[in-house]
Amino acid sequence: MTHVRFSALASVVLLSLSSAPVYSCGPDFPLQLLSERGTQLQNLPEPEFAVLVTQLASLPTSWPVPEKAFHSQYDYQADRLVSATEQAEQQLLPAAEAKLVAAMRQQPDAAAALQTGKDLSDELRLYTAGAVAFSQDPKAAAVLFQQVLALPAEAQSQRRSWALYSLARLQAQTSPAEALQLWQQLRDEVNQGLADPLQLAVASLGEAARLRLAAQQWHDAIGLYATQAHYDASGYASLLQLSRQLLAMPDADLQPLLQQPAVSRLLSIYLLSQLSGLQYSAPQQLTRLLQLLQQTPDIQLANALELAAVSYQQGQYDSATTLLQQAADSPLKWWLSAKLALHNNDLAAAAAAYAKASKAFPTALPSPAKAPEFQYDEAFSRQISRKQLQTQCRVEAEAGVLALQRGEYLQALRLLYQAGSEFWQDTAYIAERVLTTAELQQFVDTEVPAGAPKAQSQWSWFGDTEPNTLLRQLLARRLLREGQTDTAQRYFVEPQLQQLAKQYQQLQQDSSANALQNQLERLGIRLQLNLGQLERADALFQLARLTRQHGLELLGYEMAPDYQVFYGQFEFYTDSTPPLWPIPAAEQQRLTQTVAVPDKRFHYRYVAADLAAQSAELWPQNSHAYAASLCAATTWLINRDAETAGKYYQRYLQHGAYVPWGADFGIRCPQPDAASAANRLQANFKASLPRQRYLAIGGAALLLAMAGCWAWWRRTKRAGEPSN
């Protein structure tokens with residue numbers, strides 16, 4: 001059998017790889033290529049055996065989707081395993097019929113079962129009686145199944161697929177050829193629309209493969225197992241076990257089998273997908289299998305692509321290059337060509353090969369719901385299709401990393417963004433740290449569609465959000481950090497964030513001082529009259545509190561130092577090992593321009609504390625509000641940065657007045673009392689009036705004295721000048 005539909009993808013599907021960063025304890029983290037870009041790009045991931053074997057067979061054309069799939073389940077209340085057959089009998093039949101069928105199943109023999117089910121239809125009665133006799137009296141069971149198949153077509157619609165499958169199982173013991181014919185008939189009729197709620201057509205593939213294998217018909221057996229592997233993990237498991245059996249054969253037995261293309265292809269796939277395990281557990285078997293596959297030119301030519309990949313993974317780059325020249329064009333060939341070019345430090349050739357690899361993928365990936373329509377194990381089929389998509393995304397992402405290394409920043413972002421959410425951290429790094437804000441904004445406006453608010457999740461993060469939404473909100477936070485509050489609101493997708501950004505903007509405006517106040521404060525002069533400073537102080541504190549409570553969503557960096565990507569729950573630390581590819585100087589210069597201020601974990605907490613400290617400067621120092629503002633600044637940092645928090649506390653000790661809650665300073669803080677602060681400001685102003693009067697009189701006297709001295713000096717100077 002020749003696989004057609006998946007061949008472009010099946011040979012390049014990835015296993016997950018470890019990456020350079022060391023993560024804090026947490027869930028599974030996605031791969032980050034930029035963690036060690038040189039190593040990641042030169043590494044060729046091991047593909048999945050479960051996907052590669054699907055290329056060994058073609059798919060049935062149109063197996064119908066059952067309304068409901070049944071699988072064996074454990075009933076914990078009854079403490080027993082409930083088979084798929086029992087579930088189908090109980091759920092697909094009316095209650096009265098299901099009860100009779102269950103009673104028939106409990107009978108000791110077929111005759112008693114027939115008597116118990118005398119009120120059922122002939123189809124149900126005959127089949128169930130045959131099932132009772134299946135193990136005890138195979139001949140009687142076969143006769144009963146044949147009677148089901150002899151009923152008029154309209155009278156065997158419920159159990160025909162069951163009878164064909166069960167009769168074939170009985171015939172397999174005495175007449176394998178007839179069993180194979182019955183299983184083929186079952187698959188043909190299912191293709192034509194025969195109801196198959198137990199997915200017996202898929203099961204028949206494995207049964208037929210077992211008989212073909214017993215007859216040493218390796219080509220047909222491998223093809224049947226490979227077809228089953230499209231729908232059911234048991235097909236993949238059978239081929240994996242078969243590969244191990246072949247590898248265990250002595251050379252004298254294995255060499256003739258390798259002349260069969262299906263056998264050599266299976267072992268080539270096994271070698272490529274299990275290379276790391278073989279290197280560790282059976283290095284001698286690995287060497288032996290490589291020699292066997294390469295000793296015959298025809299076998300080597302037919303499997304040149306897989307053998308080239310294995311040679312590359314073993315560091316045999318010259319051999320990989322030679323074998324690759326013999327391989328037909330495919331995504332894996334161009335992907336491997338790109339990696340060989342990287343090994344030779346030819347970045348331009350690598351970029352060209354990546355472009356060819358990307359174009360070599362099918363324009364439309366097969367969907368589990370469409371190819372094929374029939375699904376024996378929907379989760380398994382969905383996993384296979386997802387891994388195929390991941391491979392294409394991996395190639396796009398690697399091309400993006402190469403573009404970044406070459407200084408093509410917009411193209412790097414474009415390729416990584418197209419690679420999808422699996423590589424979101426790499427996309428975020430470029431968007432947040434490498435591109436300028438103007439470049440990122442232009443890219444989002446022209447290439448990133450608008451996102452849709454999520455119905456279930458309050459905030460968006462990489463695990464449950466599309467990359468377009470993530471990228472738009474990353475831009476929104478960056479704009480907000482840079483003070484472009486009005487523009488930032490347009491890019492927040494979630495309504496809650498839009499409202500918070502609007503509130504942030506309003507508080508910023510309310511807390512801004514007018515030009516005169518700014519100039520006076522820069523000169524160290526403060527007017528004693530209230531020119532709105534208490535309103536500013538209150539707005540600053542409200543802004544500080546909003547920044548502390550929602551800073552991650554409004555101002556947080558997607559990556560370091562805040563890790564909005566993990567909603568702030570996790571972080572990772574860069575490996576100290578020198579990288580294979582150092583960050584280029586031009587990229588490093590851009591990084592220095594986009595670093596967080598301050599560049600500390602949860603940087604927005606420091607921003608919030610600084611805003612609270614600014615608020616304190618506007619409250620009267622002997623007021624409750626002054627102490628409360630500095631207390632909040634201390635509280636927000638004390639558990640993470642005690643030294644910085646202590647500076648706020650020291651400021652309070654130097655300038656603040658006693659407060660009754662001072663023992664809990666930095667632990668529990670009240671809100672600033674604006675009304676009390678206003679009273680305190682007025683009292684301070686009144687208390688300062690006598691002193692100001694004396695200062696005014698003294699100042700006036702000093703000015704008069706200075707004026708008198710100046711006049712005397714001018715008169716003296718004129719008197720001493722010679723006359724003309």
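Quick caveat: nothing in here was measured; it's all calculated off a predicted structure.

1. Notes on the overall build of the protein chain
Then step 1. A tally of regular secondary structure across the protein chain gives 37 helices and four strands.
Then step 2. Taken across its 724 residues, the protein chain has 49% of its residues classed as buried.
Then step 3. Residue pairs at least 24 apart in sequence account for 67% of intrachain contacts in the protein chain once pairs closer than 6 positions are excluded.
Then step 4. Carbon and sulfur atoms make up 52% of the accessible area of the protein chain, which amounts to about 34700 Å² in all.

2. Some remarks on helix α7 (residues 122-133)
Then step 1. Its 12 residues give α7 an end-to-end C-alpha distance of 16 Å, which sits within 8% of 16 Å, the value for a rise of 1.5 Å per residue.
Then step 2. By the criterion of burial, α7 is predominantly enclosed, with 11 of the 12 residues buried.
Then step 3. Turning to α7, its buried residues number three or more, namely Glu123, Leu124, Arg125, Leu126, Tyr127, Thr128, Ala129, Gly130, Ala131, Val132 and Ala133.
Then step 4. On its buried face, α7 sits against α5 (95-105), α6 (110-116), α8 (138-150) and α9 (160-171).

3. Digging into the confidence of the model for the protein chain
Then step 1. Averaged over every residue, the pLDDT of the protein chain is 85; residues scoring 70 or more account for 81%.
Then step 2. Mean pLDDT across the elements of the protein chain bottoms out in helix α1 (residues 7-10) (36) and peaks in helix α26 (residues 437-447) (97).
Then step 3. In the model, residues 1-27 has pLDDT below 50 throughout and makes 97 contacts with residues more than four positions away in sequence or in other chains.

4. Focus on the pattern of salt bridges
Then step 1. A complete count under the given rule lists 19 salt bridges for this structure.
Then step 2. Measuring nitrogen to oxygen at the nearest pair gives 2.7 Å for the salt bridge that ties Arg160 to Glu189. One end of the pair, Arg160, is in helix α9; the other, Glu189, is in helix α10 (residues 176-191), and 29 residues separate them in sequence.
Then step 3. Relative accessible area serves as the criterion here: at 17%, Glu189 is assigned to the buried category.
Then step 4. A salt bridge links Asp329 to Lys333, with the nearest nitrogen and oxygen atoms 3.2 Å apart.
Then step 5. Overall, the relative accessible area of 12% leaves Lys333 in the buried class.
Then step 6. Ionic contacts of the salt-bridge type, sharing partners, join the residues Lys339, Arg394 and Glu398 into one network.

5. Quick look at the packing of aromatic side chains
Then step 1. Tallied over the full model, the rule gives 15 aromatic pairs.
Then step 2. Each ring, one from Trp661 and one from Phe665, has its centre 6.2 Å from the other, and the planes form 10 degrees; the classification is stacked.
Then step 3. In this structure Trp661 comes out as buried when scored by relative accessible area, which is 15%.
Then step 4. Through a chain of ring-to-ring contacts, three or more aromatic side chains come together here, namely Tyr649, Tyr652, Trp661 and Phe665.
Then step 5. Over the face of the ring belonging to Trp162 we find Arg159, whose NZ or CZ atom lies 3.8 Å from the ring centre.
Then step 6. Stacked on the ring of Trp334, the Lys or Arg Lys333 has its end atom at 5.6 Å from the ring centre.

6. Thoughts on the nonpolar core
Then step 1. By size, the foremost hydrophobic cluster in this structure holds 200 residues, and its most contacted members are Trp183, Leu271 and Ile430.
Then step 2. At 10 residues, the largest contribution of residues to this core is made by helix α34 (residues 624-638).
Then step 3. The residues touching Ile430, leaving out its near neighbours within four places in the chain, are Leu34, Leu404, Tyr409, Ala412, Leu413, Leu416 and Leu435.

7. Describing helix α27 (residues 467-481)
Then step 1. The terminal C-alpha atoms of α27 lie 21 Å apart, and with 15 residues this matches the ideal 21 Å at 1.5 Å per residue to within 8%.
Then step 2. Note on α27: the residue one or two positions beyond its end, Gly483, has a positive phi of about 90 degrees.

8. Comments concerning the state of the cysteines
Then step 1. Within the structure shown, the criterion is met by one disulfide.
Then step 2. Here Cys631 connects covalently by a disulfide to Cys669, the sulfurs 1.9 Å from one another. A torsion of -75 degrees about the S-S bond marks the disulfide between Cys631 and Cys669 as left-handed. Here the residue Cys631 occupies a position in helix α34, and Cys669 occupies one in the loop between α35 (642-655) and α36 (674-687), the gap between them amounting to 38 residues.
Then step 3. With a relative accessible area of 0%, Cys631 lands in the buried category.
Then step 4. Classification of Cys669 by relative accessible area gives partly exposed; the value is 26%.

9. What to know about the side chain of Arg433
Then step 1. Structurally, Arg433 can be placed in helix α25 (residues 424-434).
Then step 2. In this structure, Arg433 is buried with no salt-bridge partner, the nearest side chain bearing the opposite charge being Asp599 at 6.2 Å.
Then step 3. Among the polar contacts made by the side chain of Arg433, one reaches the main-chain carbonyl oxygen of Leu591 at a distance of 2.7 Å.
Then step 4. Beyond its immediate sequence surroundings of up to four residues, Arg433 is in contact with Ala428, Tyr557, Arg590, Leu591, Thr594 and Val595.

10. Here we look at unusual backbone geometry
Then step 1. In this model, Ala560 is joined to Pro561 through a cis peptide bond whose omega is 5 degrees.
Then step 2. Note on placement: Pro561 falls in the loop between α31 (533-554) and β4 (572-573).
Then step 3. Residue Pro598 follows Val597 across a cis peptide bond; omega there is -5 degrees.
Then step 4. When you line up the elements, Pro598 lands in the loop between α32 (585-593) and α33 (603-618).
Then step 5. Its identity is not glycine, yet Gln199 carries a phi of approximately 55 degrees, on the positive side.
Then step 6. By the element assignment, Gln199 lies in the loop between α10 and α11 (200-214).

11. Some words on the packing of α10 against α11
Then step 1. The contact between α10 and α11 brings their axes to 9 Å, and the two run at 155 degrees. Taken together, α10 and α11 sit at an angle that is classed as roughly antiparallel. The way α10 lies across α11 gives a crossing that is left-handed. Listed contacts from α11 to Pro176, Ala179, Leu180, Trp183, Leu186, Arg187 and Val190 of α10 are Leu200, Ala201, Ser204, Leu205, Glu207, Ala208, Leu211 and Arg212.
Then step 2. Classifying every residue of the contact of α10 with α11 gives 11 nonpolar, one polar and three charged.

12. Section: the side chain of Asp196
Then step 1. Here Asp196 lies in the loop between α10 and α11.
Then step 2. An unpaired buried charge is present at Asp196: no salt bridge exists, and Arg187, the closest side chain of opposite charge, is 9.9 Å distant.
Then step 3. Within the structure, the side chain of Asp196 is placed 2.9 Å from the backbone nitrogen of Leu200, a separation counted as a polar contact.

13. Brief notes about the packing of helix α15 (residues 261-273) against helix α19 (residues 304-313)
Then step 1. Close contact between α15 and α19 brings their axes to 9 Å; oriented N to C, the two are set at 25 degrees. Overall, the two elements α15 and α19 adopt an arrangement that is roughly parallel. In the packing of α15 onto α19, the handedness of the crossing is left-handed. Only Glu306, Leu307, Ala309, Val310 and Gln313 of α19 make contact with α15, whose side of the interface consists of Arg265, Ser268, Leu271 and Leu272.
Then step 2. Across the contact of α15 with α19, the residue classes break down as five nonpolar, two polar and two charged.

How each quantity is defined
- Residues numbered from 1 in each chain as written.
- Predicted model: local features only at pLDDT ≥ 70, side-chain atom pairs only at ≥ 80, totals over all residues.
- Heavy atoms only, no water.
- Helix = DSSP H or I, 4+ residues; strand = E, 2+ residues; numbered from the N terminus.
- Buried < 20%, exposed > 50% of the residue type's maximum accessible area, 1.4 Å probe, protein only.
- Contact = heavy atoms within 4.5 Å.
- Areas by Shrake-Rupley, 256 points an atom, 1.4 Å probe, with all protein chains shown as cover.
- Expected span 1.5 Å × (residues − 1).
- pLDDT = per-residue confidence, 0-100.
- Salt bridge = Lys/Arg side-chain N within 4 Å of Asp/Glu carboxyl O.
- Phe/Tyr/Trp six-rings, centres within 6.5 Å; stacked < 30°, edge-to-face > 60°.
- Lys NZ or Arg CZ within 6 Å of the ring centre and 35° of its normal.
- Core = buried A, V, L, I, M, F, W, Y, C linked by side-chain atoms within 4.5 Å.
- Disulfide = S-S within 2.5 Å.
- Lys, Arg positive; Asp, Glu negative; His and termini not counted.
- Polar contact = N/O pair within 3.5 Å; in protein donor to acceptor, adjacent residues only side chain to side chain.
- Axes fitted to C-alpha atoms, helices over the stretch in contact; angles between N-to-C directions.
- Parallel < 35°, antiparallel > 145°, perpendicular 65-115°, else oblique.
- Left-handed = near helix turned anticlockwise from the far one by under 90°.
- Nonpolar A, V, L, I, M, F, W, Y, C, P; charged D, E, K, R; others polar.

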